[in-house]
Every structure is written in structure tokens, then in C-alpha cells.
Amino acid sequence: GMEQGGMSASDLRAQRVTQNDPDALLAEFLKARRQEREQETAAMVDEKKNPKKAPVGKGWRAGSPMANAAKPPTPVHIGLNRQQQQYQPQIVMMGPPPEGGPSNNMLGSQADVMNKEGGGFFFYPPGHPNHVPGSGPPGMPPAAMMTEGQLRSTVHPQERIAPHWSEAKFRAHGMPEVICEARHATFGPLIMVSAKLVRCNPPQANSEIKNLDQVKGNIVYIKRGGCSFTKKARMAQLAGAKAMVVANSDRETFGMSFTDDGEPLDAIQIPCVMISSDVCEKLESCRQSPDGKAPWTVTLTPLNDKAGPLYQQHMQLQQMAAAANCPPGAGIAVPPQLLAQQQPPPGASPSSGKKSIVKRLKSMLP
């Protein structure tokens with residue numbers, strides 16, 4: 001503690017001032033100066049007795065450790081018109097800017113931005129183990145930290161900041177299988193789920209979901225925008241969905257962040273993932289099946305076992321995407337033999353071919 005014997009710092013200072021007699025202080029100061037002068041004189045006498053040797057070398061290099069060094073074979077040009085490097089403070093954006101304008105347009109009414117999704121800046125709130133005192137958006141006083149609507153002003157202590165992915169496998173009758181990496185939100189569990197993919201009504205789930213009979217027990221497909229990702233997740237769970245798949249409007253995916261709506265974060269108990277717009281186009285191009293039921297069945301498998309074959313396969317896919325210069329989450333054409341190496345998921349029993357055909361038929365039936 002700063003306090004000694006129950007006295008505050010200012011009391012201690014006052015006490016010290018009264019204790020120190022000004023005459024004594026002056027005497028002490030003069031004594032110190034006398035000692036200094038004596039040392040200086042001794043040093044001068046010493047220098048006179050043992051003078052320094054004449055510097056080695058000649059010209060401007062005299063006395064330098066490089067005085068006798070060989071001349072460089074190629075002339076060294078030192079230009080004086082160097083570019084001044086401007087120091088750019090680094091701003092780390094997690095995910096795209098909040099909807100409603102490009103990243104440099106940080107204007108727009110605060111309420112407008114507040115009503116959109118949480119995106120933008122990250123820093124840790126007080127009470128979080130990684131909180132830096134006085135931290136806030138660059139150039140902002142910490143007091144403005146919580147009120148600043150344009151910025152992602154807080155990170156909930158329970159949010160997963162590190163990225164997590166699941167493999168999303170979409171199957172529909174008479175359509176090529178669509179496999180992609182779906183990025184998890186910073187909330188919701190990382191578990192394997194499989195069910196029909198059902199469109200949401202309203203499409204953005206920005207109010208209570210109306211097609212409850214279809215959504216219940218299935219995975220709901222929700223368009224990005226209109227409200228926060230947290231609200232979408234709460235609406236989906238309320239409607240009895242097994243998981244939520246958010247259709248991004250860009251050819252990429254990012255970790256959907258949590259918006260503190262006063263409800264607990266861990267009340268969201270369904271996996272919440274995002275898929276890129278080019279995957280969405282493929283899914284939406286499929287006609288409804290004749291019975292009016294959702295055509296796609298989706299399986300989400302977390303890619304968290306780094307030793308597993310599924311993870312290895314996705315690493316290969318990632319290298320192919322990098323070679324083809326695709327943005328994260330964008331689609332690439334894959335040779336079928338790469339997917340053939342994959343082993344069945346942990347739940348599937350190694351059954352005979354006949355059984356799987358029956359199963360396949362069953363899954364096609366309403």
C-alpha cells in the first residue's frame with residue numbers, strides 16, 4: 001500500500017517539510033558541490049600527468065575504431081533525401097465494418113450504427129483478464145469507451161475471441177454436394193448437428209419467427225442484416241431451431257460478435273455459424289422439392305480435432321484456395337478423389353451398403 005502508518009502521502013510530505021531545516025538543507029547542498037569540485041580537480045590533475053595518446057589515423061576518421069580499416073571496394077552512397085517514414089498506429093478490425101457504409105465512413109448517426117450488427121473495434125472491458133487500464137478506441141478518452149456506438153465497444157468475458165470453424169456439408173436430391181467451412185460466432189456451442197435446412201420467415205429474423213412448424217427441430221437459414229447476430233440467434237432458439245446458419249452478403253465469413261442485450265451469453269445453446277455468399281447462391285439455386293419441404297440437409301461438424309482426417313482435408317482445401325487466390329470462405333472446385341479419402345463421421349456405424357441405401361431413401365422421404 002501507499003499508506004504508511006495510516007498517513008496519506010500529502011500528510012507525509014507536510015511532515016517532511018517541517019522536519020527539514022532550510023539551513024541544514026543548504027549546508028548539505030554546499031557540501032555536495034564541494035565534493036564535486038574536488039573530484040573534478042583530481043580528474044584534471046590525473047589527465048595532465050598521463051596525457052592521452054595521439055589519435056590513430058588521419059582526417060575525419062582519426063581516433064575512430066575504424067581508422068585503420070580498409071577502404072570499401074565499392075563506394076558507399078549515403079543519400080540525405082530519405083523518405084520520412086510515417087508511423088501508422090495499427091487498428092485491428094475484427095470482421096467487416098458495421099453495416100451501413102464503407103469502413104472509412106465512420107459517420108452516420110450513432111443510433112443508426114448502434115441498431116446494426118456489432119462489428120468493428122475490439123478491446124477488452126474492465127474485469128476481463130486481458131483488459132488494459134485506460135484502453136479504448138484510439139484517440140478516445142476511456143470515458144467515451146462504452147458510449148461509442150460506431151465501435152465494437154465491449155467484448156463479453158465469455159466470448160470466444162479465437163476463430164472456430166465447422167465443416168458444413170449440404171446435400172440435396174439430384175444436386176452436387178456442397179461442402180464449405182462455416183465460421184462460428186463468438187457464442188453458441190461447438191457441437192455436431194445434422195438436420196434439414198429451412199428458410200426463415202422473416203428472412204433476417206429481425207422479429208419473431210413466423211414459420212415455427214418448419215423451423216422447429218431443423219437448422220434455420222437466416223440472411224445477414226436488419227439486426228444483431230445475437231438477436232438472430234435468440235429468435236432461432238426461441239423457434240426451436242437446432243442451429244443457425246447466417247447467409248453473409250460477401251464472399252467471406254467472419255466471427256459474428258456478441259451484442260450485450262441484457263440476456264446471458266450462455267443462454268444461446270445452439271451452434272451459430274456463417275457461410276459465404278457464393279455458398280448461399282448455390283443453395284438458393286436449388287428448386288424446392290415437389291412436396292414443398294426444404295431440399296437441403298445440412299451437417300455441421302466442428303473442425304477442432306487438429307489430428308483428425310477432416311481437419312487435415314480442410315487444410316488441403318485451404319492450401320488449394322490460397323493457390324487459387326480465393327478469399328476465406330469462398331468456393332473452389334474440388335477433385336472428388338480428395339473427398340473420397342474422408343472417413344465416416346464418429347456417429348456413423350460402418351454399416352453395409354444396403355442399409356445406407358435404405359437410409360438414403362429414408363432421408364429423401366418427407
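1. Here's the deal with the overall build of the protein
On a plain count of helices and strands, the protein comes out with nine helices and seven strands. Burial status across the protein gives 31% buried among its 366 residues. Counting contacts in the protein only where the partners sit at least 6 residues apart, residues at least 24 apart contribute 65% of the total. Summing over all exposed atoms, the protein offers an accessible surface of approximately 24200 Å²; the carbon and sulfur share of this is 57%.

2. A look at the packing of aromatic side chains
Applying the stated rule across the entire model yields three aromatic pairs. Between Phe170 and Trp296 the ring centres are 6.5 Å apart and the planes differ by 85°, which places this aromatic pair in the edge-to-face class. Taken together, the residues span a long stretch of sequence, with Phe170 in strand β1 (residues 165-171) and Trp296 in the loop between α6 (277-284) and β7 (297-302) at a distance of 126 residues. Taken as a pair, Phe170 and Trp296 share a single burial class, namely buried.

3. Focus: the pairing of strand β4 (residues 219-223)
Counted residue by residue, β4 has four buried out of five residues, so it is predominantly covered. Sheet topology places strand β3 (residues 193-199) next to β4; three bridges connect them, and they run parallel. Counterpart to Leu197 in the pairing with β4 is Ile219. In this structure, β4 lies alongside strand β5 (residues 243-247), joined through five bridges in parallel fashion. In the strand pairing of β5, Lys223 is matched with Ala247. Following the backbone out of β4, through helix α5 (residues 229-238) and into the adjacent parallel β5, one traces a crossover that is right-handed.

4. Some thoughts on the nonpolar core
Inside soluble globular proteins, nonpolar side chains tend to come together where they are buried. In terms of nonpolar packing, the biggest core is built from 26 residues, with Phe187, Val220, Met244, Met256 and Cys272 touching the most fellow members. Of all the secondary structure elements, the ones that give two or more residues to this core are β4, α5, β5 and β6 (272-275). By residue number, the principal contributor to this core is α5, which donates four residues. Dropping the residues within four chain positions of it, Phe187 is found in contact with Arg160, Phe229, Thr230, Ala233, Met256, Ser257, Phe258, Leu265, Ile268 and Cys272. One finds Phe170, Val178, Leu197 and Val298 within the second-largest nonpolar core, a separate group that totals 23 residues.

5. Some details on the sheet that holds β4
Pairing in this closed barrel of seven strands is mixed, and the strands run β1-β2-β6-β5-β4-β3-β7 around the ring. Strand-to-strand, the axes of this sheet are offset by a mean angle of 35°, without reference to chain direction. Contacting β1, β2 (178-184) and β7, helix α7 (residues 309-323) crosses the sheet at an angle of about 100° to β2.

6. Overview of unusual backbone geometry
Note that the residue after Asn201, namely Pro202, is joined by a cis bond; omega there is 5°. Mapping Pro202 onto the fold places it in the loop between β3 and α4 (212-215). Although it is not a glycine, Ala205 sits at a positive phi angle of roughly 55°. When you line up the elements, Ala205 lands in the loop between β3 and α4.

The rules behind these values
- Residues numbered from 1 in each chain as written.
- Predicted model: local features only at pLDDT ≥ 70, side-chain atom pairs only at ≥ 80, totals over all residues.
- Heavy atoms only, no water.
- Helix = DSSP H or I, 4+ residues; strand = E, 2+ residues; numbered from the N terminus.
- Buried < 20%, exposed > 50% of the residue type's maximum accessible area, 1.4 Å probe, protein only.
- Contact = heavy atoms within 4.5 Å.
- Areas by Shrake-Rupley, 256 points an atom, 1.4 Å probe, with all protein chains shown as cover.
- Phe/Tyr/Trp six-rings, centres within 6.5 Å; stacked < 30°, edge-to-face > 60°.
- Pairing = 2+ DSSP bridges.
- Right-handed = clockwise from strand over helix to strand, strands pointing away.
- Core = buried A, V, L, I, M, F, W, Y, C linked by side-chain atoms within 4.5 Å.
- Axes fitted to C-alpha atoms, helices over the stretch in contact; angles between N-to-C directions.

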